[in-house]
Amino acid sequence: MKKVIDWLKSSSRWKHLLGGVLIGLGADSFYCAVYAGAVAAGALELKDKLHGGLWDWFDCVMTIAGAVVGGGVRLIIGLL
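The shown structure was predicted, so the numbers you read here are calculated from the model rather than taken from an experiment.

## Describing the overall build of the protein chain
The number of helices and strands found in the protein chain is four helices and zero strands. Overall size of the protein chain, expressed as C-alpha extent along the three principal axes, is 45 × 30 × 15 Å. Every one of the 80 residues in the protein chain was classed for burial, and the buried ones make up 26%. Accessible surface, the protein chain: about 5,500 Å² in total, of which carbon and sulfur atoms supply 75%. Looking at charge distribution, the protein chain has the averaged site of its 8 positive side-chain charges lying 6 Å from that of its 6 negative ones.

Right, here's the structure in full:
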């Protein structure tokens, strides 16, 4: 478990995950959550690339995964 937490802390992946969850919770539908998460992830990574950094696929995937989780939570709450 410590390895997973350390991996999430590297390169602020936990921030990408949390941001994705917030995007998913604020979306109107699951499709919208995934789409908005993918657009936000791409924009964040493009910003990093344009400012001299490298494109980090793990950060991109963490943002989209967070949006999927947030959209799923909102979907489940809506069904109840």
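## Describing the packing of aromatic side chains
The relation between two aromatic rings is expressed through the spacing of the ring centres and the mutual angle of the planes. As enumerated under the stated definition, the model contains two aromatic pairs in all. Summarising the aromatic geometry, the rings of Tyr-31 and Tyr-35 are spaced 6.0 Å apart at their centres and angled 20° between planes, so their arrangement reads as stacked. Placement of both Tyr-31 and Tyr-35 in helix H3 (residues 30-50) is noted, with a separation of four residues, approximately one turn of the helix. Exposure class is identical for Tyr-31 and Tyr-35. Each is exposed. Taken together, a centroid distance of 5.5 Å and an interplanar angle of 55° make the contact between Trp-55 and Trp-57 tilted. On the basis of relative accessible area, Trp-57 is assigned to the exposed category, the value being 58%.

Definitions and cut-offs
Residues numbered from 1 in each chain as written. Predicted model: local features only at pLDDT ≥ 70, side-chain atom pairs only at ≥ 80, totals over all residues. Heavy atoms only, no water. Helix = DSSP H or I, 4+ residues; strand = E, 2+ residues; numbered from the N terminus. Buried < 20%, exposed > 50% of the residue type's maximum accessible area, 1.4 Å probe, protein only. Areas by Shrake-Rupley, 256 points an atom, 1.4 Å probe, with all protein chains shown as cover. Lys, Arg positive; Asp, Glu negative; His and termini not counted. Charge placed at Lys NZ, Arg CZ, Asp CG, Glu CD. Phe/Tyr/Trp six-rings, centres within 6.5 Å; stacked < 30°, edge-to-face > 60°.

By themselves, these figures tell us nothing about what the structure is for.
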